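Residue strings, one per chain:
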Amino acid sequence: RAAMLTDVFMLVNVNNNDNTITVTQIPRDTWISDNDGISIPTNKINAVFSTYYYSYYGSGEAEDAAYKHALMSLTEMLEENLSIEISNSAIMDLDGFINIVDTLGGVEIDVPAAMTYYDPAQNLNINIPAGHQTLNGAAAEGFVRYRAGYLTADLGRQNAQKQFLSALFSKVKSTVSITNVSKLTELAGEISNNLVSDMSVGDLVYYAKSLLSCDLSSMNMMTIPGNLA
């Protein structure tokens, strides 16, 4: 929770009528005006959560309460600006991401080119060779955060995140059976332990079953367009 910037935004729509899933990415530099009287210092969407959090925490709320309150406010902001209804929301820190990937035994992915980057300020050391391989949690973090070698920077990283998400869903489908309720519940519990969310373990099991019922070839992934200039 150090920097508190939410650099990855994804809206996930699960359609149980035709067993499809649509994932929409919101670029981290998406412009956002002041919201509910709270000024967003950079006018970037990745600073909205932290702005709410420090506002609530500075007003006397306990850390965990301010964290959940900020997530709720961020969700309401997205609903208002996109004219949609969000049933559930969750936020995950990097440690949670690493733990979940490791719980699944890693994720197989074809790394298109070697990824090397070092930033001691962020405690970030990425050193991933090119080629087909199984990424553990730490390497997966590097894969989804890497952008230094892409000509299109954030756009390249967003495409890599789509690639990883598809590989992650594929790993879940190959690891967990929809009829294995105990394994589903175990996985949902582990995910729940690494999230701040309004979802219960039962909710996560429900969404997991929806994922397992989905044909991955019918999964749609897109990015909200914008002007990179």
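This report concerns the structure included in the present document.

Rules behind the numbers
- Residues numbered from 1 in each chain as written.
- Predicted model: local features only at pLDDT ≥ 70, side-chain atom pairs only at ≥ 80, totals over all residues.
- Heavy atoms only, no water.
- Buried < 20%, exposed > 50% of the residue type's maximum accessible area, 1.4 Å probe, protein only.
- Helix = DSSP H or I, 4+ residues; strand = E, 2+ residues; numbered from the N terminus.
- Contact = heavy atoms within 4.5 Å.
- Salt bridge = Lys/Arg side-chain N within 4 Å of Asp/Glu carboxyl O.
- Core = buried A, V, L, I, M, F, W, Y, C linked by side-chain atoms within 4.5 Å.
- Pairing = 2+ DSSP bridges.
- Axes fitted to C-alpha atoms, helices over the stretch in contact; angles between N-to-C directions.
- Patch = residues over 30% accessible without salt bridge, like charges linked within 9 Å, V, L, I, M, F, W, Y side chains within 5 Å.
- Areas by Shrake-Rupley, 256 points an atom, 1.4 Å probe, with all protein chains shown as cover.
- Polar contact = N/O pair within 3.5 Å; in protein donor to acceptor, adjacent residues only side chain to side chain.
- Phe/Tyr/Trp six-rings, centres within 6.5 Å; stacked < 30°, edge-to-face > 60°.

**Thoughts on helix α1 (residues 48–58)**
At step 1: Among all positions of α1, only V48, F49, S50, T51, Y52, Y53 and Y56 are buried.
At step 2: Buried residues along α1 sit in contact with α2 (63–82) and β3 (90–91).
At step 3: G60 occupies a position one or two residues after α1 and carries a positive phi of about 110 degrees.

**Structural notes on the pattern of salt bridges**
At step 1: Inspection of the entire model under this criterion finds 3 salt bridges.
At step 2: Residue R145 is joined to E141 by a salt bridge in which the shortest nitrogen-to-oxygen separation is 2.8 Å. Of this pair, R145 and E141 both sit in helix α4 (residues 137–145), 4 residues apart, which is roughly one turn of the helix.
At step 3: Looking at R145, the relative accessible area reads 18%, which means it is buried.
At step 4: Using a relative accessible area of 13% as the deciding quantity, one classes E141 as buried.

**Quick notes on the nonpolar core**
At step 1: The biggest cluster of nonpolar side chains holds 32 residues, and the ones touching the most others in it are I109, M115, I128, F143 and F164.
At step 2: Taken together, the elements giving at least two residues each to this core come down to β2 (20–26), α3 (94–103), β4 (107–111), β6 (124–128), α4, α5 (154–175), α6 (181–193) and α7 (201–213).
At step 3: Residue contributions to this core peak at 7 residues, all from α5.
At step 4: Excluding anything up to four places from it in sequence, F143 contacts I109, V111, M115, I128, L135, A160, Q163 and F164.
At step 5: Among the nonpolar cores identified, the runner-up in size contains 24 residues, and I32, I38, V48 and L71 belong to it.

**Structural notes on the sheet that holds strand β9 (residues 220–223)**
At step 1: Strand order in the open sheet formed by 3 strands is β1-β2-β9, with mixed pairing between adjacent strands. The sheet is open, and its two edges are formed by β1 (9–15) and β9, each paired on a single side. Taken pair by pair, the neighbouring strands of this sheet meet at an average axis angle of 15 degrees, ignoring direction.
At step 2: With 7 bridges joining them, β1 and β2 adopt antiparallel strand pairing.

**Quick look at the environment of Y206**
At step 1: Residue position: Y206 is located in helix α7.
At step 2: Residues Y206 and L184, 22 residues apart in the sequence, show an inter-C-alpha distance of 9.4 Å.

**Quick notes on a nonpolar patch on the surface**
At step 1: A grouping of V8, M10 and V12 is seen on the molecular surface, where their side chains present a nonpolar patch of about 240 Å² in accessible area.
At step 2: When you line up the elements, M10 lands in strand β1.
At step 3: The class for M10 is partly exposed, based on a relative accessible area of 32%.

**Considering α3**
At step 1: Restricting attention to buried positions, one finds in α3 the residues G96, F97, I98, I100 and V101.
At step 2: At the N-terminal end of α3, a side-chain oxygen is found 3.3 Å from the backbone nitrogen of D95, two or three residues along, and the residue is D93.

**A word on the packing of aromatic side chains**
At step 1: This structure, assessed with the given rule, holds 8 aromatic pairs.
At step 2: Between the aromatic rings of F49 and Y67, the centroid separation amounts to 5.0 Å while the plane-to-plane angle is 85 degrees, which identifies the pairing as edge-to-face. With F49 in helix α1 and Y67 in helix α2, this pair connects stretches of sequence that are 18 residues apart. Each member of the pair F49 and Y67 is classed as buried.
At step 3: Consider the rings of Y206 and Y207, whose centres lie 5.4 Å apart with planes at 65 degrees: the pair is edge-to-face.

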